[in-house]
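Chain residues, written in single-letter form:
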Amino acid sequence: MPAYLLRRLIQSALILLGVSFITFFLLYILPADPVRQIAGRSATPQTVENIRQQLGLDQPFVVQYWRYLSGLVQGDMGRSYLQKTEVAELIASRLPATLLLMVAAIFCELLLGVTMGIVAALTRGRLADQALMIGSFLAVSAPQFVVSLLLLYVFAVKLGWFPIGGYGTFAHLVLPALTLGLLGSGWYSRMMRSSMIDVLRADYIRTARAKGLGRSRVVLRHALPNAILPVIAMIGIDIGVFMGGIVVVESVFGWPGIGQLAWQAIQRVDIPIIMGVTLVSACAIVLGNLLADLITPLIDPRIKLR
Amino acid sequence: MKRLLASTALMLTLALPAMAQDYTPDPNAKPGGSITVTYKDDVATLDPAIGYDWQNWSMIKSLFDGMMDYVPGTTTLRPGLAESYALSEDGLTYTFKLRPGVKFHNGREMTADDVKYSLDRVTNPATQSPGAGFFGSIAGYDAAGDAGLSGVKVIDPLTVEITLSRPDATFLHVMALNFASVVPKEAVDAAGDDFGKQPVGTGAYKLAEWTLGQRLVFEKNADYWRAGVPYLDSVVFEVGQEPVVALLRLQNGEVDVPGDGIPPAKFQEVMADPAQAERVVVGGQLHTGYITLNVTTPPFDKVEVRKAVNMAINKDRIVQIINGRAVPATQPLPPSMPGYTAGYAGYAYDVEGAKALLAEAGVADGFETDLYVMNTDPNPRIAQAIQQDLAAIGIKANIQSLAQANVIEAGGAGTAPMIWSGGMAWIADFPDPSNFYGPILGCAGAVEGGWNWSKFCDAALDAKATEADSMADPAKVADRMALWSDVYIGVMEQAPWVPVFNEERYTMKSPRMGGEDALYVDPVSIPVNYDYVFVTE
């Protein structure tokens, strides 16, 4: 186990290095000049050159990348080109909201998705199954913007049960988490259904039934732990998606997450912020997957980490 | 709905000596209360040397003051931190007398040293100010650095003398720009790069709270040097709000001014409801949306082709695409800008005439070209309308819909034959015709990376522009405007642009907002002039 963990951590570091290199390179070759964004439209060519030199953007790619990496290993993610604020501070200010929404959304996704998937698998081919699968299909294909606005309009504006967007209390969290949970549950329910159907066919389930166990006990104690493995792997990926930011839901509900920060930075070619957000979300994906892999043997003892 | 027309009267007031008039505050205005303003994007910075977007521009105006200012709701200059000024006979030396007893938010009294420090700072290349170029006429600008500007001298604690290297008729407007705001050295030194997050000025409000990505709170500056204002105790800016949601919250009584305006999808709904439309103030804006035609790229090197394109565009239809929130343009200057040539018709929509001109240029069968456009709504839809209009005269335009930064890059590099300026169009920094020329139509901007995307450069027009800007004598304003009018008509004769429309501003407010309509379409404070508006309950 320690050897496995060490190997995985080294792998993770290499992946992050690769991500940083590719992102930095793509931003370098991008046909858009961050200096012009900073200098504005009234700048003289001399001002533009001055700014380019001060930011070190006149240096060759290798030098720029090396400087960025050296800063990074010392914990310095640089300062935003346009806001002049430390990138670490900008990201840190958005992190609590991002994490909170992520946890709440994944909880909703799992609750809805896993329940729907189990019910569909148990009623396979019947009306309930078909209705649930149509529902999940609608969920995965529904545009985030429409669903967010719809929920906001009905539950916040018309019924007044929740505040119209914002951040701070539990009531603020419900609608964005529910929106993401509803939309994400489509993926989870489909995954859960097919995995559950496979497991229900397995010999040990027949044995469990044969020895007279009740239906709920068979499903919850014997089938679920086996069927849920792919779903756990999916959470690992989901963490990455949420950490990269959910721009649309964040902006409809006025949720101060990392997505809005990234979106604005991309619009303004603010390279230090784009790099910072990319690396933080890459870290989250890598860690999420690592955690998912570490949890798996706890649920299914047959799996050994080597 | 009340409409404020940018009128001839406005232009006439500009012709009067700058100090002639001031603002009479509303007698019904009651002090107190707080308003909520929303924005989609977080505020980038509140450092007056750095901030240069339409969102932080008016915020910075309320936190800081410069030596000059504008009468609220107008484009008329009035004194700010300077009590008076005098211009030497050669038009090269301005002597500003400062108002005594003005205090920064940190309690210290503002002096002439602060004015010099602030101008030195904004022009020092180390500050990386996007506005440094505006101060190019101050003597010593080219050598600006840590030693400061040689042209700015402190005579006594309340007197500053600024010497120019050339007469500059726009100089008082430059001194009214946010970039010329007076900042205290000790606060800048203490905050370092974070001054934009911890601003200290002399303005009507001071920053009380800034939670990144969530909200900013401006609190009334009780010691403000202008008597009686601001009326509001505080202004709360909530950021990260989708415009559609901001409108819902306004309808629910939670928001007073949606900073991003009325979202296009909701515009007709709002305007069709008399109760809501009544709370929308409409005003002119110093904006022109245009198509640039790259004069260095064949066949746009032929003036006939450029004129043909001008005649092919159905501007009325494009105005309809944006719900009629604009007026068709005939020339580069917007109608509310001094120097605008009233009565000039430009190129009328005439498909047959356009075809004839193409034939004259030897491209009767048309040609294929690229039209660059920013990829956010409504710009791609406008580009499609342009594409259809061009197809009608045989020009096949391929739309290149890209992110803003990429379009700006292609425009600067001169690789884009045609660009629709939407989303990147020129909005004046200050209400003077010269601001629409230099960077976007003059030779100085027609360089690699410049904003003159037509790469249009006419030495004779440039000389006229320079002559106009050297007429600093206030008595010659009318002559100067006539000269500028000539310059822009000269530009139109060579047709490097297709001026398409001048956007109008639509500001929506909550029922409790008070103050005259002009404050809600203030030409220099978008969306509203926070110092003078008030609440009625």
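Structure shown above.
Small disclaimer: the values here were computed from a predicted structure and weren't measured. (Residues numbered from 1 in each chain as written. Chains lettered and ligands numbered in written order. Predicted model: local features only at pLDDT ≥ 70, side-chain atom pairs only at ≥ 80, totals over all residues.)

## Description of the overall build of chain A
(1) Moving on: Regarding its fold elements, chain A presents 14 helices and 0 strands.
(2) Moving on: Written out in order from the N terminus, the α and β elements of chain A read α-α-α-α-α-α-α-α-α-α-α-α-α-α.
(3) Moving on: When the backbone C-alpha atoms are referred to their principal axes, chain A occupies close to 85 × 55 × 30 Å.
(4) Moving on: Looking at the 306 residues of chain A, the share that counts as buried comes to 41%.
(5) Moving on: In chain A, the share of contacts with a sequence separation of at least 24, taken over all contacts with a separation of at least 6, comes to 71%. (Helix = DSSP H or I, 4+ residues; strand = E, 2+ residues; numbered from the N terminus. Buried ≥ 20, exposed ≤ 12 C-beta atoms within 10 Å, placed from the backbone. Contact = placed C-beta atoms within 7 Å.)

## Brief notes about the overall build of chain B
(1) Moving on: Of the regular secondary structure elements, chain B holds 16 helices and 23 strands.
(2) Moving on: Relative to the 2.2 N^0.38 estimate, which gives 24 Å for 537 residues, the radius of gyration of chain B is 23 Å and therefore close to what a compact globule would have.
(3) Moving on: With the C-alpha coordinates aligned to their principal axes, the bounding extent of chain B is approximately 70 × 60 × 40 Å.
(4) Moving on: Here chain B, with 537 residues, has 54% of them falling under the buried criterion. (Rg over C-alpha atoms; globule rule 2.2 N^0.38 Å.)

## What to know about the nonpolar core
(1) Moving on: The biggest cluster of nonpolar side chains holds 230 residues, and the ones touching the most others in it are A:Leu152, A:Val277, B:Ala176, B:Ile291, B:Ala308 and B:Ile386.
(2) Moving on: Broken down by element, the residue count for this core peaks at 16 residues, all from helix α5 (residues 87–122) of chain A.
(3) Moving on: Contacts of B:Ala308, omitting those with residues within four sequence positions, involve B:Ala354, B:Leu357, B:Leu358 and B:Ile393. (Core = buried A, V, L, I, M, F, W, Y, C linked by C-beta atoms within 7 Å.)

## Points about the environment of A:Pro225
All names here are of chain A.
(1) Moving on: Tracing the sequence through the fold places proline 225 in helix α10 (residues 215–227).
(2) Moving on: Using a count of 14 C-beta atoms within 10 Å as the deciding quantity, one classes proline 225 as partly exposed.
(3) Moving on: Between the C-alpha atoms of proline 225 and valine 199, which are 26 residues apart in sequence, the distance is 9.8 Å.
(4) Moving on: In this structure, proline 225 is in contact with Ile299 and Asp300, ignoring residues within four places of it in sequence.

## Examining helix α11 (residues 351–360) of chain B
Residues and elements named next belong to chain B.
(1) Moving on: Listed in full, the buried residues belonging to α11 are Ala354, Leu357 and Leu358. Along the axis of α11, the buried positions cluster into a sector of 100 degrees, meaning they face one direction only.
(2) Moving on: Of the residues flanking the end of α11, it is glycine 362, one or two places downstream, whose phi is positive at about 85 degrees. (Arc of directions from axis to C-beta.)

## Comments concerning the sheet that holds strand β11 (residues 234–238) of chain B
Residue and element names in this part refer to chain B.
(1) Moving on: Reading across the sheet, the 5 strands line up as β9-β10-β11-β2-β12 and stay open at both edges, with mixed pairing between neighbours. Each edge of the open sheet carries a strand with a single partner, namely β9 (205–211) and β12 (257–258).
(2) Moving on: Note that strand β2 (residues 34–38) and β11 share 5 bridges and pair parallel. The residue bridging isoleucine 35 from the neighbouring strand is valine 235, located in β11. (Pairing = 2+ DSSP bridges.)

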